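A structural walkthrough
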Amino acid sequence: MARPESGPRAVLERFRQAAIDQSVEAMTELYAEDAVHEFPFSRPGLPTRLEGRDRIVEFITAGWRSGVLRYESYRTLAIHDTLDPDTIVVEQEAVGTSTVSGAVALPNVVVLTVSDGRIRIFRDYVNILAAAEATGITIG
């Protein structure tokens, strides 16, 4: 069983802070070298699965460099434990600002699995319609 500081709830909080700070170093430290980050509900032109820490961090930081969205906090709606102590399900909103639409609260559900204090699998069920509106992208 994972120690509390290396368990999924602690890793989730570190992930959120790294995203708010837009810290490449912190984000790199969070992911296992062979991590997988999935977007089961994606849109054409975006990946549904990223494999490997370097590819994941590259994708995340490219979004930061675009400058369209900036997260300021996360609102936790619920955190559900699973039968696996290294996996949680998180209902949340990423709260911030968009250069396109102003204030945003992007809903998503995350299934997070950690190992040794690092993200092993991150399944991000983001609301693609809300994300498209916040970034000014037309879906259709």
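Structure first, text after, so check above.
Here the structure is a predicted model, which is why all the values come from computation and not from measurement. (Residues numbered from 1 in each chain as written. Predicted model: local features only at pLDDT ≥ 70, side-chain atom pairs only at ≥ 80, totals over all residues. Heavy atoms only, no water.)

We now examine the pairing of strand β1 (residues 31-38). For β1, a buried count of six out of eight residues is recorded, marking the element as mostly surrounded by other parts of the structure. Pairing of β1 with strand β6 (residues 118-126), which is carried by four bridges, proceeds in the parallel orientation. What sits directly across from Tyr31, in β6, is Ile119. (Buried < 20%, exposed > 50% of the residue type's maximum accessible area, 1.4 Å probe, protein only. Helix = DSSP H or I, 4+ residues; strand = E, 2+ residues; numbered from the N terminus. Pairing = 2+ DSSP bridges.)

What follows concerns the side chain of Glu93. Inspection of the secondary structure assignment puts Glu93 in strand β4 (residues 87-98). Side chain to side chain, Glu93 and Arg75 meet in a polar contact 2.3 Å long. With sequence-adjacent residues up to four places away left out, Glu93 is seen in contact with Ser73, Tyr74, Arg75, Leu77, Ala105, Leu106 and Pro107. (Polar contact = N/O pair within 3.5 Å; in protein donor to acceptor, adjacent residues only side chain to side chain. Contact = heavy atoms within 4.5 Å.)

Now for the sheet that holds β6. Strand order across the open sheet formed by six strands is β2-β1-β6-β5-β4-β3, with mixed pairing between neighbours. Both edges of this open sheet fall to β2 (49-51) and β3 (69-81), since each of them pairs with a single strand only. With strand direction ignored, the average angle separating the axes of adjacent strands in the sheet is 20°. Helix α1 (residues 8-21) contacts β1, β3, β4, β5 (102-115) and β6 of the sheet and is inclined by roughly 165° relative to β3. Sheet strands touched by helix α3 (residues 53-66): β1, β2 and β6. Its angle to β1, the strand with the most contacts, is close to 55°. (Axes fitted to C-alpha atoms, helices over the stretch in contact; angles between N-to-C directions.)

Quick look at the environment of Arg65 now. Its place among the elements puts Arg65 in helix α3. Classification of Arg65 as exposed rests on a relative accessible area of 62%. Along the chain, Arg65 and Gln22 lie 43 residues apart, while their C-alpha atoms are 9.4 Å from each other.

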